[in-house]
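Topology and contacts: notes
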Amino acid sequence: MQAEPGPRELFQDAAELALVGCWELDITNNSASWSAQALRIHGIEEGAQLGLEQFIQSYPAHAAKALRAAIEGAIGYGEPWDIDLPYDDASGRQLWVRSIGEALPADGSVYRLVGAFQDITAHKDAEQQLNRYATDEEEARSRVEDQAEQLLEQSV
């Protein structure tokens, strides 16, 4: 008989199922930590020791700029963020990553950032498909209205 999974195992299973990985940045010593799932989402080898800037630079330029601005806003003003970013991993796979983060203040200044990354590629693909369906429906409705108008003109 197998032992019941503990809270840590349940959390790891849930994170893998939801495609969510966590991270933290210790501002005082400028060290970053990434969960195995956060690295996996980005196609980075588990156990890789990446600094924050190195990690940010793995994003396309416009996404890196947005992520950097979010982090600077959190450090400077305590602003949390929740943004969707395009990402191309080392294998060339294109995906979408949701980045969520917040600052943890102490004594009036931020000492740590914490957050999560979630692979939302399937969600973005479904969103794009729905947009295509909506566009196709609108175009079809317009064609039917045009045809109805032409038939009405012909009958008159």
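Everything discussed here concerns the structure shown above.
Figured I'd write up the structure that's included with this text. (Residues numbered from 1 in each chain as written. Predicted model: local features only at pLDDT ≥ 70, side-chain atom pairs only at ≥ 80, totals over all residues. Heavy atoms only, no water.)

Digging into the pattern of salt bridges
A side chain of one charge can pair with a side chain of the opposite charge when the charged atoms of the two come close. The condition is simple: The salt bridge definition used is simple: a Lys or Arg side-chain nitrogen within 4 Å of an Asp or Glu carboxyl oxygen. Helix numbers and strand numbers start at the N terminus; a helix is a DSSP run of H or I with at least 4 residues, a strand a run of E with at least 2. The classification of residues rests on relative accessible area computed with a 1.4 Å probe and restricted to protein chains. Under 20% of the type maximum is buried, over 50% is exposed, and intermediate values are partly exposed.
For the coordinates displayed, the defined rule picks out eight salt bridges. Here Lys124 and Asp84 are joined by a salt bridge, their closest N and O atoms 3.3 Å apart. Linking Lys124 in helix α5 (residues 121–155) with Asp84 in strand β3 (residues 81–88), this pair joins segments that are 40 residues apart in sequence. Classification of Asp84 as partly exposed rests on a relative accessible area of 35%. A cluster of three or more residues bridged by salt bridges with shared partners is formed by Asp84, Lys124 and Glu127.

Description of the sheet that holds strand β5 (residues 109–119)
Inclusion rule: Strands are labelled as partners when DSSP assigns at least two bridges between them. Note on method: axes are straight lines fitted to C-alpha atoms, helices fitted across the in-contact stretch only, with angles between N-to-C directions ranging 0 to 180 degrees. Contacts: residue pairs with any heavy atoms within 4.5 Å of one another.
Across the sheet, which stays open at both edges, the five strands sit in the order β2-β1-β5-β4-β3 with antiparallel pairing between neighbours. Strands at the two margins of the open sheet, each flanked by one partner only, are β2 (31–34) and β3. Going from strand to strand, the sheet's axes swing by 25° on average, the running direction of each strand aside. Bridge count for β3 against strand β4 (residues 94–106) is eight bridges, and the pairing is antiparallel. Of the residues in β4, the one forming a bridge with Pro86 is Trp96. Its contacts with the sheet place helix α4 (residues 61–77) against β3, β4 and β5, and it is angled at close to 155° to β3.

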